[in-house]
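One-letter residues, chain by chain:
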Amino acid sequence: PAYNEEVTAIKTIQSLLKTGYPLFEIIFIDDGSKDKTFELVNTAYGHHPLVQVLTKPNAGKASALNFGITHAQYEFVVCIDADTQLKEDAVYHLMTYFTDNEIGAVAGTVKVGNENNLITRWQSIEYITAQNMDRRAFDLINSITVVPGAIGAFRKSAIFNAGGFTYDTLAEDCDLTMRILKQGYIVKNCDEAIAYTEAPETLNGLLKQRFRWSFGVMQSFWKNKDALFNKKYKYFGM
């Protein structure tokens, strides 16, 4: 999904075409951008055999993701952001975790790709410690609450069974992950699948991002509060 990403979109697709996985397609969804995102991508990749370039009226990231997933022809989807670069073996590593039908989603590992000042360097350390180590621990008790928007693989039927991405929280990735867990699926963590993302470079940008994350996660927990202390949901309920 992309909204006003004319600077990074072409670079992202170029990197995805180097993916070391035998069978894949790239679905690019322009969510009603006001800049030249769609025109640039459509000119560059509109006739590429591996790339579908779609556009729709602006309705937010969740809407764009659902739109793209309904156009996907394969059983699994990997959702990433338009400013994210995947390592060439990332999809291969994610797919090795789908060993049986119980596995609903696999979280990849996000690293900072723009370590060019103190703020982004701090975030780089935080991504490696707080986020990725937390996820490893929660993996052991099947309680990963966020498959990150920057790199996450899903069984398409698990997304549909959980009701798809929704619009009523600011953290659609967290909300969907929780609903997939509530459907009885297992959510795994994959350290080897690495994505490099653009972190906020200013204090103001960082504060905005963290407010959105914190508020969105609280919304997601409140929305799924029926799981709290519910034996049916095992460790996730705890």
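From a predicted model like this one, the values you see are computed outputs, not experimental measurements.

1. Topic: the pairing of strand 7 (residues 186–197)
Of the strand pairs in this sheet, strand 4 (residues 84–86) and strand 7 are connected by 3 bridges, and their pairing is antiparallel. Paired with Thr84 across the two strands is Thr197, which belongs to strand 7. One ladder, built from 8 bridges, connects strand 5 (residues 103–112) with strand 7; its direction is parallel. Looking at strand 7, one finds that Thr109 is bridged to Ile194.

2. Regarding the pairing of strand 2 (residues 51–56)
With 6 bridges connecting them, strand 1 (residues 26–31) and strand 2 associate as parallel partners. Paired with Ile29 across the two strands is Leu54, which belongs to strand 2. This β-α-β element, strand 1 to helix 2 (residues 37–45) to strand 2, shows right-handed connectivity.

3. Some details on the side chain of Thr109
Within the fold, Thr109 resides in strand 5. According to the relative accessible area criterion, Thr109 is buried, its value standing at 5%. Among the polar contacts listed, one links the side chain of Thr109 to the backbone oxygen of Cys190, at a separation of 3.1 Å. Separated by 3.2 Å, the side chain of Thr109 and the backbone oxygen of Asp191 make a polar contact.

4. A few points about a nonpolar patch on the surface
Side chains of Phe138, Leu140, Ile141 and Tyr235 sit close together on the surface and give an oily, nonpolar patch of about 450 Å² of accessible area. Along the chain, the position of Leu140 falls in the loop between helix 5 (118–139) and strand 6 (151–155). Judged by relative accessible area, Leu140 falls into the exposed class, the value being 76%.

5. Brief notes about the environment of Ala64
Locating Ala64 in the fold gives a position in helix 3 (residues 61–70). Residues Ala64 and Glu198 lie 134 residues apart in sequence; the distance between their C-alpha atoms is 20 Å. If we ignore the near neighbours within four places in the chain, the residues touching Ala64 are Pro1, Ile29, Asp31 and Lys56.

6. Here we look at helix 2
Within the sequence span of helix 2, burial applies to Thr37, Val41 and Tyr45. Down the axis of helix 2, the sector holding all buried residues measures 15°, keeping them to one side. Against helix 1 (9–16), strand 1 and strand 2 lie the buried residues of helix 2.

7. As for the packing of aromatic side chains
Under the definition given, this model contains 3 aromatic pairs. Judged by centre distance (4.6 Å) and plane angle (50°), the ring pair of Phe76 and Phe98 falls under tilted. Pair noted here: Phe76 is in strand 3 (residues 76–80) and Phe98 is in the loop between helix 4 (90–95) and strand 5, with a separation of 22 residues, a long-range link. Exposure remark for Phe76: the relative accessible area of 24% places this residue in the partly exposed category. Its end group placed over the ring of Trp222, Lys225 keeps NZ or CZ at 4.1 Å from the ring centre.

Definitions and cut-offs
Residues numbered from 1 in each chain as written. Predicted model: local features only at pLDDT ≥ 70, side-chain atom pairs only at ≥ 80, totals over all residues. Heavy atoms only, no water. Pairing = 2+ DSSP bridges. Helix = DSSP H or I, 4+ residues; strand = E, 2+ residues; numbered from the N terminus. Right-handed = clockwise from strand over helix to strand, strands pointing away. Buried < 20%, exposed > 50% of the residue type's maximum accessible area, 1.4 Å probe, protein only. Polar contact = N/O pair within 3.5 Å; in protein donor to acceptor, adjacent residues only side chain to side chain. Patch = residues over 30% accessible without salt bridge, like charges linked within 9 Å, V, L, I, M, F, W, Y side chains within 5 Å. Areas by Shrake-Rupley, 256 points an atom, 1.4 Å probe, with all protein chains shown as cover. Salt bridge = Lys/Arg side-chain N within 4 Å of Asp/Glu carboxyl O. Contact = heavy atoms within 4.5 Å. Arc of directions from axis to C-beta. Phe/Tyr/Trp six-rings, centres within 6.5 Å; stacked < 30°, edge-to-face > 60°. Lys NZ or Arg CZ within 6 Å of the ring centre and 35° of its normal.

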